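As a plain string of letters, each chain reads:
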Amino acid sequence: MNQPATGDRRAALVRWAGYALVLLIPFSVYWPLTPPVATGVLPLYVTPSLYPSDVAVVLLVLADVLVLRRRGLRAWPAHLRPGSRAITLPLLALVSLAWLTAPTALLPTFAAYSALRWSISVGVYWALVRADLPVKRVPVIFLVGLGIHALVGVGQVLAQGPLGLPAELALAPERSGAAVVAVGGDRWLRAYGLMFHPNVLGGFLAVGLLASLPMLGHRAMRLLWWLLWLGLLVSFSRSAWLATAIVLPPTAGWLVWRQSALRRPIVMSAVGAALILLIAGLVLGAQVQTRLQLASDASESRSLAERGQLLAIALDVIRAHPATGVGAGNFPLALATAPIPMVLQFVHNVPLLLAAEVGILGGLLWLWLWLAPALGLERVWRGADPWPVVMTGAWLGLGIIALWDSYPWTLESGRLLTMMVLALVSRDRSPGSN
């Protein structure tokens, strides 16, 4: 008599841990466990740390292990989409490469720590795939959390400075390293939310805008959608703008074509978003123009040139270490010997980054992960279920961002976002089915 009750409690623990994780993923605040393992690098990149999401991660993975023990090792989730092994196996291969190349890394101990973090992230992916979550709540919880970050970001822009909130990482615009748009002689602060950088906020909001499309029939979701659009604008993240511009129109167009009940809500939502962006764009026209016309501003030109230098160095590292790379998480350390003095950071391109850190195979695995879900899109494109199409679109958008920014893999929050989206892509159940 106790067995079903015990199983229910374990399943409930998995669900609530999953909800908590989805809510905590975007937060970038961290608590160092040790001093930075290298100098001259942003501490976040080279400091073993604890994150707010770690508590939920531990609960989720442990609860999933308990459920796995009850069901048996041969239990395979019935709700996996056909072809989901094309996602699961490359993720396991990436983790294996991280461990195999750690002994030859520039800093083996930190490579092992990074490999551990990658392994935990893949464990989160698998736990979210296996969990019997009422999946419709996952995007809802995620979007409500993003609404909070968007509101904070808008407040930071209006105040032109941090709001003094717990877990806030925004810097005052006059400080060195602050993410700003230079307009005339002024440094104009971009929106951070409660995240590490405005680009990270923009990427999360781009995913949120796509994930919310099937729920725009609800008035509250439309209001939230418009808030996310405003947050995306004031993040001034070009990569997020680009990904949204490429992926959202065809995804929304498919919903208008296939989902008659969503035609009017999507059109209303799009008109409202256009009006918000038009009004905000008129107010912030100089800032938008500066971000889009790279050659017109010295700081934007320097940023673009630095990214080009990072790409060139990444290619040099790959040529020097084609099989093993320099070790997981070790790319900033490789810049210490670069011929051009520069800020020690990750190259802003995830495929090249992985090829430089764990070998060419790592970069190829990421490219496969990015494109493989689209290979099965034709099967779901002809169906009536919007969620596989929408989540595949969100993943393609995140992959576009990963061509210009490294945080979908290098930051703990970005890597967990990657795993959450891939888990939802791998599930075959409609989010409203349970």
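Just so you know, these numbers come straight off a predicted model, no measurement behind them. (Residues numbered from 1 in each chain as written. Predicted model: local features only at pLDDT ≥ 70, side-chain atom pairs only at ≥ 80, totals over all residues. Heavy atoms only, no water.)

Draft legend 1. Spatial organisation of the overall build of the protein chain. Looking only at helices and strands, the protein chain features 18 helices and four strands. Counting every position in the protein chain, which comprises 434 residues, the buried fraction comes to 56%. Considering only contacts in the protein chain between residues 6 or more positions apart, those separated by 24 or more positions represent 75%. Per element, the accessible surface of the protein chain, about 18,200 Å² overall, is 68% carbon and sulfur. (Helix = DSSP H or I, 4+ residues; strand = E, 2+ residues; numbered from the N terminus. Buried < 20%, exposed > 50% of the residue type's maximum accessible area, 1.4 Å probe, protein only. Contact = heavy atoms within 4.5 Å. Areas by Shrake-Rupley, 256 points an atom, 1.4 Å probe, with all protein chains shown as cover.)

Draft legend 2. View of the packing of aromatic side chains. Summed over the entire model, instances satisfying the criterion amount to 12 aromatic pairs. Between Phe236 and Trp241 the ring centres are 5.7 Å apart and the planes differ by 55°, which places this aromatic pair in the tilted class. The same class applies to Phe236 as to Trp241, namely buried. Through a chain of ring-to-ring contacts, the aromatic side chains of Trp118, Trp366, Trp395 and Trp409 assemble into a single cluster. Stacked on the ring of Trp257, the Lys or Arg Arg258 has its end atom at 5.2 Å from the ring centre. (Phe/Tyr/Trp six-rings, centres within 6.5 Å; stacked < 30°, edge-to-face > 60°. Lys NZ or Arg CZ within 6 Å of the ring centre and 35° of its normal.)

Draft legend 3. Molecular detail of helix H14 (residues 360-375). Taking 1.5 Å of rise per residue, 16 residues should cover 22 Å, and H14 covers 22 Å from first to last C-alpha, within 8% of that figure. Approximately 30° is the largest bend angle found in H14, and it occurs at Leu369, with the proline Pro373 only one to four residues beyond. Residues Gly362, Gly363, Leu365, Trp366, Leu369, Trp370, Ala372 and Pro373 constitute the buried set of H14. (Expected span 1.5 Å × (residues − 1). Bend = angle between axes of the 7 residues up to and from the residue.)

Draft legend 4. Inspection of the pattern of salt bridges at higher detail. The full count for this structure, using the stated rule, is five salt bridges. Between Arg117 and Glu412 there is a salt bridge, with its nearest N and O atoms 3.2 Å apart. Here Arg117 is found in helix H4 (residues 108-130), whereas its partner Glu412 is found in helix H18 (residues 412-426), with 295 residues between them in sequence. Classification of Arg117 by relative accessible area gives buried; the value is 8%. With its nearest N and O atoms 3.3 Å apart, the salt bridge here joins Asp405 to Arg307. With Asp405 in the loop between helix H16 (386-401) and helix H17 (407-410) and Arg307 in helix H11 (residues 298-320), this residue pair connects regions lying 98 residues apart in the sequence. (Salt bridge = Lys/Arg side-chain N within 4 Å of Asp/Glu carboxyl O.)

Draft legend 5. Expanded view of the pairing of strand E3 (residues 180-183). Sheet topology places E3 next to strand E4 (residues 186-189); four bridges connect them, and they run antiparallel. From the neighbouring strand, Ala182 faces E4, where its bridge partner is Arg187. Counted along the chain from E3 to the antiparallel partner E4, the turn is two residues long, and its residue Gly184 has a positive phi close to 65°. (Pairing = 2+ DSSP bridges.)

Draft legend 6. Molecular detail of the environment of Phe346. Structurally, Phe346 is set in the loop between helix H12 (331-334) and helix H13 (350-358). Residue classification places Phe346 among the buried residues on the basis of a relative accessible area of 4%. Separated by 17 residues in the primary sequence, Phe346 and Gly329 place their C-alpha atoms 8.6 Å from one another. For Phe346, the residues in contact, after removing those within four places along its chain, are Tyr45, Leu310, Gly329, Phe331, Pro332, Leu353, Glu357, Ser406 and Thr410.

Draft legend 7. Quick peek at empty space enclosed by the protein. Applying the stated criterion across every chain yields a total of five cavities of 30 Å³ or more. Going through the elements one at a time, H4, H17 and H18 are the ones with two or more residues in the lining of the largest cavity. (1 Å grid on protein atoms, 1.4 Å probe; cavity = no way out; pocket = protein on both sides within 12 Å on 5 of 7 lines; lining within 4 Å. Points joined across faces, edges and corners; volume = space filled by probe spheres on them.)

Draft legend 8. View of helix H5 (residues 137-159). For H5, with 23 residues, the first-to-last C-alpha span of 33 Å sits near the 33 Å given by 1.5 Å per residue. A positive backbone phi angle near 50° is found at Gln160, which sits one or two residues after H5.

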